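Observations on chain architecture
Here is what each chain is made of, one letter per residue.
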Amino acid sequence: MTAAVMAQGREPEKLLDSVRERRQRRDLWRREGERSLGQNLAWIGVLGWLVVVPTLIGMFAGRWIDARWSTGIFWTVSLLFLGVCVGCYLAWQRMHQD
């Protein structure tokens, strides 16, 4: 069998999985309804902290390394960027978890 034929066989399965997932979400929404304003604000706050905390840890660790080794701002900028990336990844994971 060629790859194109095998890929076509998987398409209906993906579609059925997508339909099942949408139906489950709709049923959950019908049972539980919308989240309250307070719950939505709390969720946004959690996402914010998931980005802020790794960013601050990266910045303070970078400043400490730069002060210790006299490397200017090399490690501060590098670890700050790494902290932002880690924070965004954690927020992305959290958004897709719910």
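The structure displayed is predicted, hence computed values, not measured ones.

Its 33 residues place the ends of helix α2 (residues 37-69) 48 Å apart at the C-alpha level, agreeing with the 48 Å of an ideal helix rising 1.5 Å per residue. Taken residue by residue, α2 has Leu 47, Pro 54, Thr 55, Gly 58, Gly 62, Ile 65 and Asp 66 as its buried positions. Lining the buried residues of α2 we find α3 (74-97). Directly after α2, the chain includes Ser 70, whose backbone phi takes a positive value near 55°.

Proximity of charged atoms lets side chains of opposite charge pair with each other. Inspection of every chain in the model, using the stated rule, returns two salt bridges. Note that Arg 20 is salt-bridged to Asp 17, the shortest N-O span being 2.9 Å. Of this pair, Arg 20 and Asp 17 are both found in helix α1 (residues 3-32), three residues apart, which corresponds to roughly one turn of the helix. Of the residues examined, Asp 17 reaches a relative accessible area of 44% and is grouped as partly exposed. Across the salt bridge formed by Arg 25 and Glu 21, the nearest N and O atoms sit 2.7 Å from each other.

This part covers α3. Here α3 contains 24 residues, and its C-alpha end-to-end distance of 35 Å stays within 8% of the 34 Å for a straight helix at 1.5 Å per residue. Among the residues of α3, Thr 76, Leu 79, Gly 83, Gly 87 and Ala 91 are the ones counted as buried. Contact partners of the buried residues in α3: α2.

Rules behind the numbers
- Residues numbered from 1 in each chain as written.
- Predicted model: local features only at pLDDT ≥ 70, side-chain atom pairs only at ≥ 80, totals over all residues.
- Heavy atoms only, no water.
- Helix = DSSP H or I, 4+ residues; strand = E, 2+ residues; numbered from the N terminus.
- Expected span 1.5 Å × (residues − 1).
- Buried < 20%, exposed > 50% of the residue type's maximum accessible area, 1.4 Å probe, protein only.
- Contact = heavy atoms within 4.5 Å.
- Salt bridge = Lys/Arg side-chain N within 4 Å of Asp/Glu carboxyl O.

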